[in-house]
Amino acid sequence: MLLVEDDELMRRSFTVALERYGYAMKAAADGLTGLELFRDEDFDLLILDVMLPGLDGIGLCRRVRESSLVPVLMMSARGDGLDVVAGLEAGADDYVVKPVDTSVLVARIRSLLRRASYAPAPGPGQAAGKGPSPSEGELLAFGDLTIDTGGLEVFVSGSPVALTPTELKLLLEFAAHPGVVLERHTLLRNVWEYGWDGDSRVVDLCVQRLRRKLGRERIETVRGFGYKFRR
């Protein structure tokens, strides 16, 4: 796991705390060094501070997304709308606001890593309250969109589409409930695994990224409620 944080005390404390949870850590103090480490090694997850010298966390996230779908967790000292929106638009999967409790940080990390290793459960159903799940290896077709639920591949007009783990899990959630309005808090619970009311902006920005990749008409906004995936 790669942590890019310019504050030395925070960098050390986060590194030590996460190593105690069993994570192998590398750390960098600026964006350019973080980019070099990312290019030289394989990481399961990146934790990027927004405010970094040289290359900020948002710019670093964009550079990472040019070549990788690795999960990215952004950290913001302010948590204001501009930081959150910019980070998620750049391709981040989730964000936390500093100061952040270690247990919260670890919970977000575990959720991201589960998404990165996600595979739909075989069989016609899934846990109660989450609706039906496509069976393993099934091909789902929605117009020019095809989803291979076994190979976890997505195609538009026969061409493969690269999705981050979060984007893919969100798409599979929509595909399991075509024509059904899904509220934002339901998506936060089922995709981001928030056990509390989280920031719905993570849903909205991820939906926007899916629309850019799959076509804007594919996911309909139902004002005041949430989103509906068109059959």
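Residues numbered from 1 in each chain as written. Predicted model: local features only at pLDDT ≥ 70, side-chain atom pairs only at ≥ 80, totals over all residues. Heavy atoms only, no water.

**Focus: the sheet that holds strand β8 (residues 153-156)**
Ordered by their spatial adjacency, four strands build an open sheet running β6-β7-β8-β9, and the pairing between neighbours is antiparallel. Of all strands in the sheet, those bounded by a partner on one side alone are β6 (139-142) and β9 (159-160). Where β6 meets strand β7 (residues 145-148), four bridges bridge the pair, whose relative direction is antiparallel. Bridge pairing in β7 links phenylalanine 142 to leucine 145. (Pairing = 2+ DSSP bridges. Helix = DSSP H or I, 4+ residues; strand = E, 2+ residues; numbered from the N terminus.)

**Observations regarding helix α8 (residues 201-214)**
Over its 14 residues, α8 runs 20 Å from end to end, which matches the ideal 20 Å to within 8%, given 1.5 Å per residue. Burial analysis of α8 places 10 of its 14 residues in the buried class, the great majority of the element. (Expected span 1.5 Å × (residues − 1). Buried < 20%, exposed > 50% of the residue type's maximum accessible area, 1.4 Å probe, protein only.)

**Let's talk about the side chain of arginine 65**
Topologically, arginine 65 is positioned in helix α3 (residues 57-65). A distance of 3.0 Å separates a polar side-chain atom of arginine 65 from the backbone oxygen of glycine 91. A distance of 3.1 Å separates a polar atom in the side chain of arginine 65 from a polar atom in the side chain of aspartate 93. For arginine 65, the residues in contact, after removing those within four places along its chain, are Val70, Pro71, Val72, Ala90, Gly91, Asp93 and Thr164. (Polar contact = N/O pair within 3.5 Å; in protein donor to acceptor, adjacent residues only side chain to side chain. Contact = heavy atoms within 4.5 Å.)

**Concerning α3**
In terms of burial, α3 is largely enclosed, as seven of its nine residues are buried. Every buried residue belonging to α3 is among Gly57, Ile58, Gly59, Leu60, Cys61, Val64 and Arg65, and all of these are buried.

**Description of the confidence of the model for the protein chain**
Here the protein chain averages 88 in pLDDT, and 88% of its residues register 70 or above. Note that pLDDT drops below 50 for residues 119-135; the model gives that stretch 29 contacts with residues more than four away or on any other chain. (pLDDT = per-residue confidence, 0-100.)

**Focus on the packing of aromatic side chains**
Taken as a whole and assessed by the stated rule, the structure comprises two aromatic pairs. Note on phenylalanine 142 and phenylalanine 229: the rings are 4.9 Å apart at their centroids and 85° apart in plane angle, and the pair reads as edge-to-face. Taken together, the positions of phenylalanine 142 in strand β6 and phenylalanine 229 in strand β12 (residues 226-229) put the pair 87 residues apart, joining distant regions of the chain. On the basis of relative accessibility, which here comes to 8%, the residue phenylalanine 142 falls in the buried class. A ring pair is formed by phenylalanine 174 and phenylalanine 229, whose centres lie 6.1 Å apart and whose planes are at 15°; its orientation type is stacked. On the criterion of sequence distance, the pair formed by phenylalanine 174 in helix α6 (residues 165-175) and phenylalanine 229 in strand β12 is long-range, its members being 55 residues apart. One exposure class covers both phenylalanine 174 and phenylalanine 229, and it is buried. An aromatic cluster of three or more residues is present, and its members are Phe142, Phe174 and Phe229. (Phe/Tyr/Trp six-rings, centres within 6.5 Å; stacked < 30°, edge-to-face > 60°.)

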